[in-house]
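Chain residues, written in single-letter form:
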Amino acid sequence: MIMNVWLVETGEPLPLQPGVRKMRTALLADNLAARGHQVRWWVSAFEHQRKLMLFAGDREVALSPGITLQVMRGCGYGSNISLARYLDHRLVARKFRLRARDLEPPDLIVAALPCYHLAFEAVRYGRQLNVPVLVDILDLWPDLLLAKLGNPLLHKLGQAALACDYARLHTLLKGATGLLAVSRGYLHWALKKAARSAREWDRVFLLGYQTRSNGSPPHRLPEWLRERRGQKLLLFIGTFGFSYELRLLVAAARRLAAAGRRDVCFVMVGTGEQAETVRRESAGLSNVVLPGWLDGAEIGSLLAHGYLGLAPYRLAPCEQDRLPYKPFEYLSAGLPLVSSLAGEMAAHITNHGLGINYRAGDLEGLCQAIASLLDDPAGRARMSLNARAFFKDHGDADRIYAGYAGHLESLAAAAAGRCLHKTMVGPAHPATWPGERPRVSLLKADS
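Nothing here was measured: the structure is a model prediction, and the numbers come from that model.

**Q** It is not clear to me how the overall build of the protein should be interpreted in this structure. Could you clarify?
**A** A count of helices and strands for the protein gives 16 helices and 16 strands. In terms of overall dimensions, the protein is globule-like: its C-alpha atoms have a radius of gyration of 22 Å, near the 22 Å expected for 447 residues. Dimensions along the principal axes, computed over C-alpha positions, put the protein at roughly 75 × 50 × 45 Å. The buried share of the protein, reckoned over its 447 residues, is 54%. Residue pairs at least 24 apart in sequence account for 72% of intrachain contacts in the protein once pairs closer than 6 positions are excluded.

Right, dumping it as structure tokens:
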């Protein structure tokens, strides 16, 4: 059957111009459209990564054949942890609730978490119209917000202030048809919040990475790096947000320079909240390059000439099983990892020989990990082969999102055949939906 699918996700860069690296929702949308399905992707007019307002108002945009963007404008925000961001998310969620009423209902909805306000509205809509809704767990909000507070007193105050938000999170997770996640740990978190065990439509789909988005041929080194041909390039590619210990990378560069190492260059690609701090602290270091924001072709060339991939994460305890994009991006190019990730990713690095783990905040451990790989080219070569093999088996986005799309097709077929079981849709009359009268379900559910 040909599906009409709504994807509800507002946090990733929109592929509006060539060179924008496609992430999870864009890759899924492409896969669904290639299978002949119609996709409506509900997005924010505000780009989270660069903190830019991309559209002046609400509108529909034909992104590509089979894919339409449903743009909703919020108020925007300057900081990831701020009242303005909270208000922006609430405003966008309200616009979804109002606009969705005027459109033909889809066959299926996939709503990303975060934003949990928007996911709540998507699940409520699905419950009202008997549309299956899968919630895709990309980040652990609002737990992550509380983890950023640090101070125990502030943490308790935050818990009290977000009591209604936690109730909303429980309701949407419990009311979803199924829960998807980017790691086993994240799925376990969602099931615990929903107070239920795993069911038929719950699944893990890793983030992965699409290698063909790299673009340029491997031999084309970016112009600004040509004088670095004799150096080993240690790469960090990403937003300069506070989830990364970028000052630790600068400190490592300073220590290696002081030790007389002229064979290495730290290339830190991106922009964001820490950009000015990184620029200031790396001033005068000849072994640090800050090229700013690069497009997909430039990143592809850089990866092809890289020596190591740096993943200096600063994670809260609730994020220990995070499996982010960055490691897969590095592994796709055969770059061994120097990583402070814990949990599942750290286990993969150790068990599959993908690089070296170090503890977050440990400058000595970071420097030792880098030096050991600089001084052991044979060991680094083995890890490079391991990285490519691991990526082929576990990180190839084409394989991951083909499986993801197939999962959606199976669910839509089950819904169309009125085969939905109570373990998929939950109770017929969810008393926990605020301000909503009980409705008679059109889909039969076992009692």
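Resuming the write-up.
**Q** Looking at this structure, how should I read a nonpolar patch on the surface?
**A** A surface patch of nonpolar side chains, about 370 Å² in accessible area, is lined by Leu149, Leu153, Leu154 and Leu157. Following the sequence through the fold, Leu157 ends up in helix H5 (residues 152-161).

**Q** Sorry, what's going on with the side chain of Arg228 here?
**A** Summarising the element assignment, Arg228 is placed in the loop between strand S10 (203-204) and strand S11 (232-237). Using a relative accessible area of 15% as the deciding quantity, one classes Arg228 as buried. For Arg228, the side chain forms a polar contact with the main-chain oxygen of Ser286, separated by 2.6 Å.

**Q** Is there a simple way to think about the pattern of salt bridges in this case?
**A** Opposite charge on two side chains makes pairing possible when the charged atoms of those side chains draw close. One pass over the full model with this rule turns up 20 salt bridges. For Glu364, the salt bridge is made with Arg255, and the minimal N-O distance between the two is 2.5 Å. Of this pair, Glu364 sits in helix H13 (residues 363-374) while Arg255 sits in helix H8 (residues 246-258); the two residues are 109 residues apart in sequence, bridging distant segments of the chain. Take Arg255: its relative accessible area is 38%, and that puts it in the partly exposed class. A salt bridge links Arg322 to Glu319; its shortest N-O distance comes to 3.3 Å. Arg322 sits in the buried class, given a relative accessible area of 15%. On the basis of relative accessible area, Glu319 is assigned to the buried category, the value being 1%. Counted as one network, the salt bridges with shared partners bring together Arg40, Glu60, Arg99 and Asp102.

**Q** How do you make sense of the sheet that holds S10 when you look at a structure like this?
**A** Hydrogen bonding along the main chain pairs the strands of a sheet, whether they run parallel or antiparallel. Taken together, eight strands build an open sheet; the order of strands is S5-S6-S2-S1-S7-S8-S9-S10 and the sheet is mixed. Each having just a single partner strand, strand S5 (59-64) and S10 make up the two edges of the open sheet. Sheet topology note: the S5/strand S6 (residues 67-72) ladder contains five bridges and is antiparallel. For Arg59, the partnering residue across the bridge sits in S6 and is Val71.

**Q** In this structure, what is going on with the packing of aromatic side chains? I would like to understand it.
**A** The geometry of an aromatic ring pair is captured by the separation of the ring centres together with the interplanar angle, meaning the angle of the planes. Scanning all chains against the criterion turns up 11 aromatic pairs. Where Phe236 meets Tyr244, the ring centres are 5.1 Å apart and the plane angle is 70°; that geometry is what we call edge-to-face. On the accessibility criterion, Phe236 (0% relative accessible area) is buried. Taken together through their ring pairs, the aromatic side chains of Trp6, Trp42, Phe96 and Tyr125 make up a single cluster. Over the ring of Trp293 we find Arg50, and its NZ or CZ is 5.7 Å from the ring centre. Against the face of Tyr307 rests Lys232, its NZ or CZ located 5.6 Å from the ring centre.

Scoring rules and cut-offs
Residues numbered from 1 in each chain as written. Predicted model: local features only at pLDDT ≥ 70, side-chain atom pairs only at ≥ 80, totals over all residues. Heavy atoms only, no water. Helix = DSSP H or I, 4+ residues; strand = E, 2+ residues; numbered from the N terminus. Rg over C-alpha atoms; globule rule 2.2 N^0.38 Å. Buried < 20%, exposed > 50% of the residue type's maximum accessible area, 1.4 Å probe, protein only. Contact = heavy atoms within 4.5 Å. Patch = residues over 30% accessible without salt bridge, like charges linked within 9 Å, V, L, I, M, F, W, Y side chains within 5 Å. Areas by Shrake-Rupley, 256 points an atom, 1.4 Å probe, with all protein chains shown as cover. Salt bridge = Lys/Arg side-chain N within 4 Å of Asp/Glu carboxyl O. Polar contact = N/O pair within 3.5 Å; in protein donor to acceptor, adjacent residues only side chain to side chain. Pairing = 2+ DSSP bridges. Phe/Tyr/Trp six-rings, centres within 6.5 Å; stacked < 30°, edge-to-face > 60°. Lys NZ or Arg CZ within 6 Å of the ring centre and 35° of its normal.

Nothing here speaks to function; it is geometry throughout.
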